[in-house]
Amino acid sequence: MILKGYLLFLVFLLLLYTTRHYIFTLNRAFGRQRFYYQDIMDSDLPSVSVLVPMHNEEKVARFILDRLVVADYPRDRYEVIPINDHSTDATKEILEEYASKYEFIKPLHRYGDLPRGKQNGLNDALKVAKGDVIIVYDADYLPSRGQIKILANAFKDPQVGAVMGRVVPINAGKNLLTRLLDIERAGGYQVDQQARYNLDLIPQYGGTVGGYRRSLVLRFGGFDPNILAEDTELTFKLYINGYKVAYANIAECYEEAPEDWKVRAKQLRRWSRGHNQVMFKYLIPLWKSRHLNFFQKLDGTLLLVIYTQPFLILLGLLSSLVLFFLGDMEIYTSALTLLFLFSHNAFGNFAPFFEIGMALVLDGSREKILLLPLMFFSFMFNLIYASLGFVDAVVDLLTKRSIVWQKTERFRENA
């Protein structure tokens, strides 16, 4: 009886996600679109500190520094702080080379007993940064010349605590994995993020190609060193305290997507672990917040639980098998349940099937729609590694163990 009740709960949860994805897709297709702040023309731009966390980034460091050197932003209000976090390759030498040429590049070297990890590096950089606005890029990203100004414009709105741009893989044509990640990214940003922004729900700050108010993060006590998903945590801290995240779909920035399935597995497991850490910490405060309406709280809950969902589905699959072998579920009913679970994840999980299709239409990339059936084969991959990340987060919660950061491997050739 308990297992059957769990399956009913799971089906309800998945239908809720499916409805959410349909609403977002229809909003992007036919709904009123909310414009970003790109039309604001103001010479009184905020001072900006661009932070670039780096650990053994010799393959990509020069690429992003070359982009930041030519960024269109007033030099008297602009500084770049590359955060060299215990690098053992040539990252330090590269940063010092650029610092000797450009006075606004101010490397922060972290060695010795200082704890590793992006959140720790950001906390140290916030102490020395001079900008009112912090813009963050991962080391493999390639921002356009005017992107920092576009992102900084959002902070003219006093309610905006953070801003997020759009991520686009630069190596999408490398292999099957990068092609799937490319269309997944399209659905997640072009439709999911923009629709949440349109509907005044909770668009997410993603930790790169975005920024936040330095004063707010310092007031919140900086980033929790024991949470891997510092970006998700900041999103919920902001909304719970009455601030919002702006989404700039026009601020496209290229990233290097993982080209190896093992690298992707580690990345996905880390994301799931960090996201679930935030879910455990902020689910109750989200519903207690007086700054959010019911629909924002519901959307926030579904966002927090998105990386718990694979583990719940895995339990559902196991429950179906147990019930079948116990004789409590006929083969027809069992097959329908399994078909529903697999179909939902082939077409609705990790950047949904219909959201991806709509995004590809909006982007003028209809030929990529032919890749959609292959999302089915990534289902088990996502299910396994996201579930392992959930288990990691549970162990973190129970044991209070320290967090060890694992950087995503780079594939780009040296400059």
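Every chain begins its residue count from 1, and numbering advances along the sequence as written. For this predicted model, a pLDDT threshold of at least 70 governs which residues receive local features, and a threshold of 80 or more governs which side-chain atom pairs are given and counted, while totals over whole chains, interfaces and linings are taken from all residues. Think of the side-chain values as coming from all heavy atoms in the structure, minus any hydrogens and water.

(A) Local environment of the packing of aromatic side chains. Aromatic pairs are defined between Phe, Tyr and Trp rings, using the six-membered ring for Trp, whenever the two ring centres lie within 6.5 Å; interplanar angles under 30 degrees are classed as stacked, those over 60 as edge-to-face, and all others as tilted. All chains considered together, the criterion is met by 16 aromatic pairs. Look at Tyr205 and Tyr212: their rings are 5.8 Å apart centre to centre, the planes differ by 85 degrees, and that puts the pair in the edge-to-face class. In terms of burial, Tyr205 and Tyr212 fall into one category: buried. Of note, Arg75 hangs over the ring of Phe104, and the distance from its end group to the ring centre comes to 4.7 Å. For the exposure calls, accessible area comes from a 1.4 Å probe over protein chains only, and a residue counts as buried if that area is under 20% of its type's maximum, exposed if over 50%, partly exposed in between. Any Lys NZ or Arg CZ that is within 6 Å of a ring centre and within 35 degrees of that ring's normal is treated as a charge sitting over the ring.

(B) Focus on the environment of Val209. Locating Val209 in the fold gives a position in the loop between α6 (176-198) and β6 (210-213). With a relative accessible area of 0%, Val209 lands in the buried category. For the pair Val209 and Gln147, spaced 62 residues apart in sequence, the C-alpha separation works out to 8.8 Å. For helices the rule is a DSSP run of H or I covering at least 4 residues; for strands it is a run of E covering at least 2, with both sets numbered from the N terminus onward.

(C) Up close: a nonpolar patch on the surface. A surface patch of nonpolar side chains, about 400 Å² in accessible area, is lined by Leu315, Leu318, Leu321 and Phe325. Residue placement: Leu315 occurs in helix α11 (residues 309-325). Residues enter a patch when their relative accessible area is above 30% and they make no salt bridge; the linking distance is 9 Å between like charges and 5 Å between nonpolar side chains (Val, Leu, Ile, Met, Phe, Trp, Tyr). The protein chains shown are the only cover counted for residues, whose accessible areas, like all others here, come from Shrake-Rupley with a 1.4 Å probe. A carboxyl oxygen of Asp or Glu within 4 Å of a side-chain nitrogen of Lys or Arg is what we treat as a salt bridge.

(D) Looking closely at the nonpolar core. Within the largest apolar cluster, 98 residues are counted, with the highest numbers of intra-cluster contacts made by Val50, Leu51, Leu68, Tyr78, Tyr137, Ile148 and Tyr212. Leaving out residues up to four positions away in the same chain, Leu68 has contacts with Val50, Val52, Arg75, Tyr78, Val80, Phe104, Tyr137, Pro143 and Ile148. What we call a nonpolar core is a set of buried Ala, Val, Leu, Ile, Met, Phe, Trp, Tyr and Cys residues that are connected through their side-chain atoms within 4.5 Å. Of all hydrophobic cores here, the second largest spans 14 residues; its members include Phe24, Val191, Ala195 and Met358. Note on contacts: a residue pair qualifies if any of its non-hydrogen atoms lie within 4.5 Å across the two residues.

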